2 protein chains.
Amino acid sequence: MNRCSCALVVVGNEILSGKIPDSNAYFAARELRSAGVALERIAVIPDDLDVIAAEVRECAARFDFVVTSGGVGPTHDDLTMEGVARAFGRKVIVSDELAALINEHSSGKPNPARLKMAEIPEGAVLNQSEEIWFPTIQVENVYVLPGVPQLFETKLRMIARRYRTDPYFIRTIYTTASESAIAAYLNDCLAQYPELMLGSYPKFDDAEYRVKLTLESKDRGYLDRAFDHLIGLLPREAVLRTE
Amino acid sequence: MNRCSCALVVVGNEILSGKIPDSNAYFAARELRSAGVALERIAVIPDDLDVIAAEVRECAARFDFVVTSGGVGPTHDDLTMEGVARAFGRKVIVSDELAALINEHSSGKPNPARLKMAEIPEGAVLNQSEEIWFPTIQVENVYVLPGVPQLFETKLRMIARRYRTDPYFIRTIYTTASESAIAAYLNDCLAQYPELMLGSYPKFDDAEYRVKLTLESKDRGYLDRAFDHLIGLLPREAVLRTE
């Protein structure tokens with residue numbers, strides 16, 4: 001089964017200071033998962049050049065690809081392009097191709113701030129698409145996305161399509177037992193099926209079930225065998241329903 | 001003015017895989033901000049011992065304090081206590097004090113899984129409070145909080161009270177100009193007031209304003225002078241309203 005890993009780097013003081021809730025991370029998590037991609041890290045960091053560069057450098061080395069969200073735009077606090085350039089030891093240059101595109105899609109006279117939107121890391125790839133005229137900037141395995149949710153989501157979908165790989169299969173068990181009561185069965189199941197991704201999620205404010213168990217694998221046969229094994233261990237009266 | 005910095009480490013495969021949205025980060029961001037604390041990093045990481053240990057170690061060294069969310073409980077995927085212990089090169093031990101508390105508040109017979117809840121890093125501090133009988137485990141400058149939002153929120157409020165410091169003051173300007181049109185004024189303002197925290201947030205789906213500007217400082221006089229300076233620069237017809 002093919003594996004593909006990813007990190008999301010969210011750049012924005014407005015999120016760290018609680019001014020707005022981030023919605024891009026949750027969107028990306030779901031979209032990447034359904035594309036079979038393992039999102040292994042989300043980092044929310046400030047509009048700080050050194051911090052952006054360090055985080056992007058580390059994630060680019062550790063994961064198959066990296067997506068950044070936010071910090072692109074024409075003002076002083078839009079530092080992601082420069083941060084990504086610094087992560088790879090590249091200069092920031094004005095892209096003539098991008099400058100032409102921006103002028104084509106803008107009204108009013110060109111100004112220095114607008115020109116800043118055409119500044120990208122040297123050697124960056126401009127990924128064009130039909131949905132949005134502004135291309136997705138790519139440097140090595142890093143994709144620089146805007147933070148505005150509508151734009152982020154459209155571009156993230158394109159990237160998820162590009163990296164789509166073997167899917168995850170999931171089965172779910174809802175139980176009325178407590179985590180403490182079933183922990184030993186979960187350990188037994190993992191001893192037999194060490195490659196299983198097994199999650200145990202207690203719910204405290206729901207009268208229907210107490211613990212939701214999720215079993216996941218990219219190998220459907222393996223998943224089904226692990227599921228049958230665990231169901232065989234759990235007290236029958238503790239299993240409310242399965243999916 | 002006193003500064004205090006913090007990082008939040010959210011541990012949980014269920015968030016990275018998009019099964020549930022995290023709400024603890026947004027809650028913590030607002031609560032810490034209103035306590036005058038600078039949240040400078042949010043990391044969402046998997047239920048992986050080495051990853052937890054590395055992230056906690058790095059954050060504990062860089063920030064005044066660290067809060068973790070999730071990964072505490074009696075099952076196989078609850079690895080935060082062990083991860084925090086490893087971050088500081090400590091052993092995990094069974095706390096007799098915590099074991100007694102757990103037995104006091106539990107029904108049914110003690111079992112190995114329940115005993116796991118009494119395992120904490122050696123030398124950890126048990127912070128008692130009136131609101132929740134389960135103490136908040138503290139190792140050096142790291143606080144280990146449960147991921148369940150009701151519990152996380154109550155405990156986070158206690159920590160925010162403990163670290164409360166000089167507040168942030170904020171003023172807001174709503175403008176009908178584009179970011180490109182006002183970028184130069186923002187740069188001018190920052191050149192004069194380099195300590196100002198100045199945010200520029202375009203809105204694309206709102207007919208009322210195009211850009212929201214936030215000005216922040218822990219020094220109210222400095223903030224007011226920077227605000228007056230920027231208002232003096234902006235074209236009068238571009239300022240919709242201020243707060």
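Residues numbered from 1 in each chain as written. Chains lettered and ligands numbered in written order. Predicted model: local features only at pLDDT ≥ 70, side-chain atom pairs only at ≥ 80, totals over all residues. Heavy atoms only, no water.

Student: Looking at this model, I keep getting lost on the relation of the copies chain A and chain B. Mind explaining?
Tutor: Between the two chain copies there is a screw-like relation: a rotation about an axis and a shift along it. Rotating chain A by 180 degrees and moving it 0.0 Å along the rotation axis overlays it on chain B with an RMSD of 0.0 Å. Here the copies are linked by what is in effect a two-fold axis. Measuring from the rotation axis to each C-alpha of chain A, the shortest distance belongs to A:A43, at 2.2 Å. Residue by residue, 100% of the interface of chain A is reproduced at the interface of chain B, so both copies engage with the same surface. (Least-squares fit on C-alpha atoms with pLDDT ≥ 70 in both. Contact = heavy atoms within 4.5 Å.)

Student: Is there a simple way to think about empty space enclosed by the protein in this case?
Tutor: Residues and elements named next belong to chain B. Following the criterion strictly, the structure yields one cavity of 30 Å³ or more and no others. Of the pockets and cavities examined, the largest cavity occupies roughly 40 Å³. Along the walls of the largest cavity sit A99, I102, N103, P110, R114, L115 and A118, which together make up its complete lining. Broken down by secondary-structure element, the contributors of at least two residues to the lining of the largest cavity are helix 5 (96-104) and helix 6 (112-116). For the lining of the largest cavity, the element with the highest residue contribution is helix 5, accounting for three residues. (1 Å grid on protein atoms, 1.4 Å probe; cavity = no way out; pocket = protein on both sides within 12 Å on 5 of 7 lines; lining within 4 Å. Points joined across faces, edges and corners; volume = space filled by probe spheres on them. Helix = DSSP H or I, 4+ residues; strand = E, 2+ residues; numbered from the N terminus.)

Student: Help me understand the interface of chain A and chain B in this model?
Tutor: The parts lose accessible area when they come together, and the size of an interface is often stated as this lost area. Each partner contributes to the interface: chain A provides 47 residues, whereas chain B provides 47 residues. Contact with chain B buries area across many residues of chain A, yet A:L16, A:K19 and A:H76 alone supply 16% of it, more than any other trio. Counting across the interface, chain A meets chain B through four salt bridges. Scanning the region where chain A abuts chain B turns up 12 residue pairs in polar contact (both at pLDDT 80 or more). Those elements that provide at least two residues to the side of chain A that touches chain B are helix 1 (13-16), helix 2 (24-34), strand 2 (38-45), helix 6 (112-116), helix 8 (179-192), strand 10 (197-202) and strand 11 (211-217) of chain A. Split into classes, the residues belonging to the side of chain A that touches chain B amount to 23 nonpolar, 11 polar and 13 charged. Where strand 2 of chain A meets strand 2 (residues 38-45) of chain B, three bridges bridge the pair, whose relative direction is antiparallel. (Buried area = accessible area lost by both parts, 1.4 Å probe. Salt bridge = Lys/Arg side-chain N within 4 Å of Asp/Glu carboxyl O. Polar contact = N/O pair within 3.5 Å; in protein donor to acceptor, adjacent residues only side chain to side chain. Nonpolar A, V, L, I, M, F, W, Y, C, P; charged D, E, K, R; others polar. Pairing = 2+ DSSP bridges.)

Student: Explanation requested: helix 4 (residues 80-87) of chain B in the structure shown.
Tutor: Residues and elements named next belong to chain B. The buried count for helix 4 comes to six of eight residues, which makes it a mostly enclosed element. Looking at helix 4, one finds that the buried residues are T80, M81, G83, V84, A85 and A87. Two residues or fewer past helix 4, G89 is found with a positive phi of approximately 65 degrees. (Buried < 20%, exposed > 50% of the residue type's maximum accessible area, 1.4 Å probe, protein only.)

Student: Would you explain the packing of aromatic side chains in this entry?
Tutor: Pairs of aromatic rings are described using the distance from one ring centre to the other and the angle between the two planes. Residue and element names in this part refer to chain B. With the rule as written, the count across this model stands at 12 aromatic pairs over all chains. Centre to centre, the rings of Y174 and Y209 are 4.9 Å apart; their planes meet at 70 degrees, and the pair counts as edge-to-face. Placement of the pair is Y174 in strand 9 (residues 169-175) and Y209 in the loop between strand 10 (197-202) and strand 11 (211-217), with a sequence separation of 35 residues. Assessed through its relative accessible area of 11%, Y209 is described here as buried. The interplanar angle of 80 degrees and the centroid separation of 5.3 Å between the aromatic rings of Y193 and Y222 together place this pair among those described as edge-to-face. Here Y222 lies in helix 9 (residues 220-233) and Y193 lies in the loop between helix 8 (179-192) and strand 10, a separation of 29 residues in the sequence. Classification of Y222 as buried rests on a relative accessible area of 16%. (Phe/Tyr/Trp six-rings, centres within 6.5 Å; stacked < 30°, edge-to-face > 60°.)

Student: Help me understand the sheet that holds strand 6 (residues 125-127) of chain B, please; the structure alone is not making it clear to me.
Tutor: Backbone hydrogen bonds are what pair the strands of a sheet, in a parallel or an antiparallel way. One open sheet accounts for 12 strands, arranged 6(A)-7(A)-8(A)-3(A)-1(A)-2(A)-2(B)-1(B)-3(B)-8(B)-7(B)-6(B); its pairing is mixed. A single partner strand is all that each edge strand has here, and the edge strands are strand 6 (125-127) of chain A together with strand 6 of chain B. Averaged over all pairs of adjacent strands, the angle between their axes in this sheet comes to 20 degrees, without regard to strand direction. Bridge count for strand 1 (residues 5-11) of chain B against strand 3 (residues 65-69) of chain B is five bridges, and the pairing is parallel. Within strand 3 of chain B, the position partnered with B:V9 by the bridge is B:T68. (Axes fitted to C-alpha atoms, helices over the stretch in contact; angles between N-to-C directions.)

Student: Would you mind showing me how to read the packing of helix 8 of chain B against helix 9 of chain B here?
Tutor: In a packed pair of helices, the relevant descriptors are the angle between the two axes and the axis-to-axis distance. Residue and element names in this part refer to chain B. In the contact formed by helix 8 and helix 9, the axes pass within 10 Å of each other and the chain directions differ by 150 degrees. Between helix 8 and helix 9, the interaxial angle falls into the category roughly antiparallel. Where helix 8 crosses over helix 9, the handedness of that crossing is right-handed. Across the interface between the two elements, Y185, L186, D188, C189 and Q192 of helix 8 pack against A226, H229, L230 and L233 of helix 9. When its residues are assigned to classes, the contact of helix 8 with helix 9 shows six nonpolar, two polar and one charged. (Parallel < 35°, antiparallel > 145°, perpendicular 65-115°, else oblique. Left-handed = near helix turned anticlockwise from the far one by under 90°.)

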